[in-house]
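Structural overview for review
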Amino acid sequence: MTPRGHRPGDDDARNRRRDDRESAPNRSGEAGRPRAQGGPRQDRNGAGRPRAADQRAGSGRAQSGDRDRDERRGATGQRAAAGRSERSTAGRPAAKAAARQRPQRKEPTDPPRTVARDVLRAVRERDAYANLVLPVLLRDRGLSGRDAALATELAYGACRSLGLLDAVIAEGAGRPIEEIDGPLLDVLRLGVYQLLRTRIGAHAAVDTSVALVRAEAGTGKAGFVNAVLRRAGEKTPEQWVEALAPADPVGRSAFEFAHPVWIAQAFADALGARAAELREVLAADDARPLVHLVARPGDITAEELALVTGGEEGRWSPYAVYLDGGDPGKLEPVREGMAAVQDEGSQLVALALTRATLDGPDTGRWLDLCAGPGGKAALLGAIAAIDGFRVDAVEPAAHRAELVRKAVRDLPVDIHVADGRASGLTPGYDRILVDAPCTGLGALRRRPEARWRRTPADVRDLVVLQRELLSAAWDLLRPGGVVVYSTCSPHLPETVSIVADAVRRLGAQQLDTRELLPGVTDVGDGPGAQLWPHRHGTDAMFLAALRKPR
């Protein structure tokens, strides 16, 4: 709301004058060191965030001390003001003069953006997980409804978009992001996200960001943030892509949809002959996903759960329900253990294991070899309970084993805290699920910051672990039994390569996994199955079924 007596343009004029006095970068582009090369910044493996193009902000020799000088200017201005205040308050009570010299900074009254900023700070400073930090902050600060929705969109969206945001920030600042103070960078990311990836007005995006910095760090640094955000707002998102994205199709799509290039290339490789769908995959991966619930078999049906929650029954799993948003933990069926949050793709993995044809009778010995945090073990346990079967669940980490214990309470599931490669369990299982630890590239849409933490170097160690876990499961499987191997990643070294190695080394008989997903279309040419967010609305789960010959 415009204050009474306030003329349009007053704020912009004052901001421009403050920019000239206090802020870097300056209009001649001398705000930071020039970069040696343009295009997206990559680490040695081709991963990481894109770097802004070389010296697009202007020309001239860089001055490495600009940031400190900008901040000194702000501090000098404050000291000068304090001096004037001292002279003007001569003879007044000392306490009153001191109060005027040192005004108290107050937190801006913008709870949603403050929460979003604090999430970004936790991710940057502590390598925290946004999806764990945000719910706690929302509860602690009493945000709900539209405020909670805004905080969620800004926090998760900015975390997903870091590479694109950082490239624009570096261009607007005229310096690498590594030379920008962390607390300022958090607010800049928040502000640029609002400018380029939401419908929030430019004035609101800039003004609220500047207010966050001014309240915490003072006028000088607020001026710097103001200048960078105004430059970011000078171009449309499409113009920034045109200016900063690599020329090759994969690199351009990766930049536009905020993915590291190596991940985009991994998706293109997994799509194979349908690599033209890459933009669709990246767009779906970059969008806010629906919440998926699973109705516990024997307790509640998907139809009943949809009616109770106001959701919609799933397309593929007979137990899935979709919610558009909200806090599922507040739903009565979830609180009472009749339902849980679980991606529909994960539900299909567990169901595939129960549907596989055995050679010989099912004696009711089932095993989840990589059970944490417990979602698939709980669904397997609920199905097993109907037939009087039992499930063993193995998890090496004690805290994750406790999560499994909570997920499977009142179900016929026995938990073993052990390494799946040496569990000490007695062989003879009919069905074994190996939902192996992986890069998680197929679930990036639900883990906002994960895409910027993974590197190609992670794959090497994970592939070794995946191979060892599948071999251990094979040793525990009875002749005629079935192992389902799955990952929440479509990356070929973690999927078809692992399965091909097992077939060659272990003599496994590979089943046509597509037959275990009745009604689910477009999962590939077989014998494995690959789900995709743009085709199925699920995480990009891979699964393959292997039977042990007699």
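Placed above this text is the structure.
This is a predicted model, so every value here is computed, not measured.

1. A word on the overall build of the chain
A tally of regular secondary structure across the chain gives 22 helices and twelve strands. Out of the 550 residues in the chain, the part that is buried amounts to 52%. Accessible surface, the chain: about 24800 Å² in total, of which carbon and sulfur atoms supply 49%.

2. Considerations on the sheet that holds strand β2 (residues 312–313)
What the four strands build is an open sheet, ordered β2-β3-β1-β4; its pairing is antiparallel. With one partner strand each, in any of the chains shown, β2 and β4 (339–341) form the two edges of the open sheet.

3. So, the pattern of salt bridges
The full count for this structure, using the stated rule, is 39 salt bridges. Residues Asp-299 and Arg-296 are paired through a salt bridge, measuring 3.9 Å at the closest nitrogen-oxygen approach. Overall, the relative accessible area of 42% leaves Asp-299 in the partly exposed class. Here Arg-467 ties to Asp-501 by a salt bridge, and the two come within 3.3 Å at their closest N and O atoms. Placement of the pair is Arg-467 in helix α20 (residues 457–476) and Asp-501 in helix α21 (residues 496–506), with a sequence separation of 34 residues. Taking relative accessible area as the criterion, Arg-467 reaches 30% and is therefore assigned partly exposed. Salt bridges linked by common partners bring Arg-121, Arg-124, Glu-125, Asp-186 and Glu-216 together as one network.

4. Remarks on the packing of aromatic side chains
In total, this model carries two aromatic pairs according to the counting rule given. Seen from their ring centres, Phe-267 and Trp-532 are 6.2 Å apart, and the 85° between their planes marks the pair as edge-to-face. Separated by 265 residues along the polypeptide, Phe-267 in helix α13 (residues 261–271) and Trp-532 in the loop between β11 (529–530) and α22 (533–536) bring together distant segments of the chain. Judged by its relative accessible area of 2%, Trp-532 is buried. With a centroid separation of 5.6 Å and 70° between ring planes, the pair formed by Trp-366 and Phe-389 is classed as edge-to-face. A residue pair is termed long-range when its members are at least 10 positions apart, and Trp-366 in strand β5 (residues 365–368) and Phe-389 in the loop between α18 (375–387) and β6 (390–394) qualify at 23 residues. Given a relative accessible area of 17%, Phe-389 falls into the buried group. The ring of Trp-240 is capped by Lys-235, whose NZ or CZ atom sits 4.6 Å from the centre of that ring. We note Arg-365 situated over the ring of Tyr-429; from NZ or CZ to the ring centre the distance is 3.9 Å.

So, how was this worked out
Residues numbered from 1 in each chain as written. Predicted model: local features only at pLDDT ≥ 70, side-chain atom pairs only at ≥ 80, totals over all residues. Heavy atoms only, no water. Helix = DSSP H or I, 4+ residues; strand = E, 2+ residues; numbered from the N terminus. Buried < 20%, exposed > 50% of the residue type's maximum accessible area, 1.4 Å probe, protein only. Areas by Shrake-Rupley, 256 points an atom, 1.4 Å probe, with all protein chains shown as cover. Pairing = 2+ DSSP bridges. Salt bridge = Lys/Arg side-chain N within 4 Å of Asp/Glu carboxyl O. Phe/Tyr/Trp six-rings, centres within 6.5 Å; stacked < 30°, edge-to-face > 60°. Lys NZ or Arg CZ within 6 Å of the ring centre and 35° of its normal.

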